[in-house]
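# Residue-level structural notes
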Amino acid sequence: MTQVTYRIVKHDGGWAYKLGDTFSETFESHDIARAAASRAADEQRAPDSTAYIEFEDSDGHWITERADGSDRPDTKVEG
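Throughout what follows, the structure given in this document is the object of discussion. Treat the numbers as computed from the prediction; the structure is a model and nothing was measured.

Let us look at the environment of Leu-19. Looking at the element boundaries, Leu-19 is found in strand 2 (residues 14–19). For Leu-19, a relative accessible area of 33% gives the class partly exposed. Taking C-alpha positions, Leu-19 is 11 Å from Gln-3, a pair spaced 16 residues apart along the chain.

This is the structure:
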């Protein structure tokens, strides 16, 4: 199973959570950023409907894949 980690970091004069290289909006306190990251982590674990998704790869080719709605990652929040 995939592991997804949200990290709480200082950002833009406040606090944000970060997933990979992507930052959330900026929050005024660490506690508020952590609560927002926890909500995002909970939502990512929630099962959804199975669907087909389309996306463009780095070479400009369109890919169609089946996304199994019950295949959800393990999530955690650090920081």
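Anyway, onward from the coordinates.
With that out of the way, let us pick up the packing of aromatic side chains. What the rule picks out here adds up to two aromatic pairs. Look at Tyr-6 and Tyr-17: their rings are 5.6 Å apart centre to centre, the planes differ by 70 degrees, and that puts the pair in the edge-to-face class. Of the two residues, Tyr-6 sits in strand 1 (residues 3–11) while Tyr-17 sits in strand 2, which places them eleven residues apart along the sequence. No difference in accessibility class separates Tyr-6 from Tyr-17, as the two residues are buried. When the centroid spacing of 6.4 Å and the interplanar angle of 15 degrees are considered together, the rings of Tyr-17 and Phe-27 count as stacked. Taken together, the positions of Tyr-17 in strand 2 and Phe-27 in the loop between strand 3 (22–23) and helix 1 (30–45) put the pair ten residues apart, joining distant regions of the chain. Accessibility assignment for this pair places Tyr-17 and Phe-27 in one class, buried. Ring-pair connections join several aromatic residues into one group, and the members of that group are Tyr-6, Tyr-17 and Phe-27.

Conventions adopted
- Residues numbered from 1 in each chain as written.
- Predicted model: local features only at pLDDT ≥ 70, side-chain atom pairs only at ≥ 80, totals over all residues.
- Heavy atoms only, no water.
- Helix = DSSP H or I, 4+ residues; strand = E, 2+ residues; numbered from the N terminus.
- Buried < 20%, exposed > 50% of the residue type's maximum accessible area, 1.4 Å probe, protein only.
- Phe/Tyr/Trp six-rings, centres within 6.5 Å; stacked < 30°, edge-to-face > 60°.

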